[in-house]
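Residues per chain, in single letters:
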Amino acid sequence: MRPGRLTAIAATVLVSAACAAPSGVPGISTLPPAPLQSVPAGVPDALDSQASPSRAGVELEAAEASPSARAEIDAATLKPSPSATTSAVKPPAGEDPVRVPPPRISKFTYVFPVRGCRVSYARKQLVLPKTTIWAGKGCAFVSPVGGVVHEVNASNRWKALTDHGADREGRFVSVLGADGVRYFGGHLDSVEPGLRAGDRVGAGQVLGRVGDSGNAKGEGANLYFSVSWPTAAKYWWVRRGMVDPWTYLDAWLNGNPTLSPAQQVAAARSRVGATPPCRTLCASKPVKKKPPRPVPTQTADPDGVTKG
């Protein structure tokens, strides 16, 4: 193809492109503007902000100066305003809550074994599964539950010289509760007059008075309290306690008066047997026998002289 012909074709293409394009200033779009979108009330005009940066800056400073506008901006940017965080929360008005009684766990009702006095007691096992309830001398020891008096010892037979295990708790009373559990209270100052084994007692009935009899002498008035199952008197170590009692004491004093140790006591009996051997603090002190007094005997005359 001839060079002159190529030049003519190129010129024709350029002229056609120039006629098809919209007229305008080079570098600036001459296309029609896009339709405007709706803008929420209270928010600076996005279109004006894009068209005029200086105007957007002025409106932003005005929004920061206005507390209501600032709160809206903070809420939009997930930044709580100072006024929102410092305002006090007021509970709704209403009546006082209704106290609901605790659920009844067993069919038995228990009371704390010391009545009418301030008390404190250990909540961990030291030597035996029992607890020492510290209370003033003369405070009432009461039956924790209804039942039958099992044992009564109104005399203090303990002696430091012998320290017999059966006598260490001094004066005591035990009750076989209607729940099948034996409740034991020792170191009593006195036993309620006329109380005998086999007497029926109710929960809260006075059995004796707190004291320091037995090996508690000189340690302050307290109640030796334990739970176990009934045995004959010769198995005295069982009545000293087979189950830790403080969980039940806590419930009877402050929580639920129907929490029963019967299930735990039955499980302990099943585990060790009805009459387990004594394993802790069993032996008494040996009694020291006095040596026999010498008997005088007649000796022969040193000179070998016989008198007569």
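Owing to the predicted nature of the structure, the values given are computational and were not obtained by experimental measurement.

How should I be thinking about the overall build of the protein chain in this particular structure?
Assigned secondary structure in the protein chain consists of 8 helices and 10 strands. Across the 308 residues in the protein chain, those meeting the buried criterion constitute 30%. Considering only contacts within the protein chain whose residues lie at least 6 apart along the sequence, 68% involve residues at least 24 apart. Entry remark: accessible area of the protein chain is about 20900 Å², with carbon and sulfur atoms responsible for 59%.

Which parts of the structure should I look at to understand the side chain of Asp-163?
Positionally, Asp-163 belongs in the loop between β5 (147-153) and β6 (171-177). Accessibility expressed as a relative area gives 16% for Asp-163, which makes it buried. Beyond its immediate sequence surroundings of up to four residues, Asp-163 is in contact with Trp-158, Arg-168, Ala-283, Ser-284 and Lys-285.

Just to check I follow, could you spell out helix α7 (residues 246-254) for this structure?
Since the α-helix turns once every 3.6 residues, residues separated by three or four places project in the same direction. Regarding α7, the residues found buried are Trp-246, Tyr-248, Leu-249, Ala-251 and Trp-252. Residues of α7 that are buried make contact with β2 (120-121), β3 (131-134), β7 (182-191), β10 (222-228) and α8 (262-272).

So what exactly am I meant to see when it comes to the state of the cysteines here?
For the structure shown, the criterion picks out 2 disulfides. Each sulfur of the disulfide joining Cys-278 and Cys-282 lies 2.0 Å from the other. Handedness of the Cys-278-Cys-282 disulfide follows from its S-S torsion of about -100 degrees: it is left-handed. A relative accessible area of 22% means that Cys-278 is categorised as partly exposed.

Please explain the pattern of salt bridges as it appears in this structure.
Note on pairing: side chains with opposite charge can pair once their charged atoms come close. Taken as a whole and judged by the stated rule, the model has 6 salt bridges. Of the charged contacts, one joins Arg-239 and Glu-151 as a salt bridge, the two residues approaching to 3.0 Å between their closest N and O atoms. Taken as a pair, Arg-239 in helix α6 (residues 236-239) and Glu-151 in strand β5 lie far apart in primary sequence, 88 residues in all. Among the residues examined, Arg-239 registers a relative accessible area of 5% and is labelled buried. Looking at Glu-151, the relative accessible area reads 12%, which means it is buried. A salt bridge links Asp-163 to Arg-168; the shortest N-O distance between them is 3.1 Å. The class of Arg-168 is buried, set by a relative accessible area of 6%. Linked through salt bridges whose partners overlap, the residues forming this network are Glu-151, Arg-182 and Arg-239.

Explain the confidence of the model for the protein chain here, please?
In low-pLDDT regions, the fine details of the predicted coordinates are not to be read closely. Looking at the protein chain, the pLDDT average stands at 80 and 66% of residues meet or exceed 70. Note that pLDDT drops below 50 for residues 42-54; the model gives that stretch 8 contacts with residues more than four away or on any other chain.

Just checking my understanding: could you explain the environment of Ala-135 for this structure?
Note that Ala-135 resides in the loop between β3 and β4 (140-142). Overall, Ala-135 belongs to the buried group, its relative accessible area being 11%. In this structure the C-alpha to C-alpha distance between Ala-135 and Ser-120, which are 15 residues apart in sequence, comes to 7.1 Å. Beyond its immediate stretch of four places on either side in the chain, Ala-135 contacts Val-114, Arg-118, Val-119, Val-210, Ala-221 and Asn-222.

Where do I start with the layout of surface pockets in this structure?
Vacant regions in the atomic arrangement are exposed by a probe of water-molecule size rolled over the atoms. Volume-wise, the largest pocket comes out at about 370 Å³. Forming the boundary of the largest pocket are 19 residues, of which Lys-130, Thr-132, His-187, Asn-215 and Tyr-224 lie nearest the centre. Secondary structure elements with two or more residues in the lining of the largest pocket: β3 and β10. Tallying contributions element by element places β3 first for the lining of the largest pocket, with 3 residues. Looking at the lining of the largest pocket residue by residue, the classes come out as 8 nonpolar, 5 polar and 6 charged. Roughly 230 Å³ of internal volume is contained in the second largest pocket. The wall of the second largest pocket is formed by 13 residues, among which Trp-237, Met-242, Pro-277, Arg-279 and Thr-280 lie closest to the centre. Classifying every residue of the lining of the second largest pocket by side-chain character gives 9 nonpolar, 2 polar and 2 charged.

Even after reading the chapter, I still don't get the environment of Leu-249, so can you show me in this structure?
Structurally, Leu-249 is set in helix α7. Judged by its relative accessible area of 0%, Leu-249 is buried. As a C-alpha pair, Leu-249 and Pro-144 span 105 residues in sequence and 9.6 Å in three-dimensional space. Beyond its immediate sequence surroundings of up to four residues, Leu-249 is in contact with Phe-112, Pro-113, Tyr-121, Thr-131, Ile-133 and Phe-225.

Cut-offs and rules
- Residues numbered from 1 in each chain as written.
- Predicted model: local features only at pLDDT ≥ 70, side-chain atom pairs only at ≥ 80, totals over all residues.
- Heavy atoms only, no water.
- Helix = DSSP H or I, 4+ residues; strand = E, 2+ residues; numbered from the N terminus.
- Buried < 20%, exposed > 50% of the residue type's maximum accessible area, 1.4 Å probe, protein only.
- Contact = heavy atoms within 4.5 Å.
- Areas by Shrake-Rupley, 256 points an atom, 1.4 Å probe, with all protein chains shown as cover.
- Disulfide = S-S within 2.5 Å.
- Salt bridge = Lys/Arg side-chain N within 4 Å of Asp/Glu carboxyl O.
- pLDDT = per-residue confidence, 0-100.
- 1 Å grid on protein atoms, 1.4 Å probe; cavity = no way out; pocket = protein on both sides within 12 Å on 5 of 7 lines; lining within 4 Å.
- Points joined across faces, edges and corners; volume = space filled by probe spheres on them.
- Nonpolar A, V, L, I, M, F, W, Y, C, P; charged D, E, K, R; others polar.

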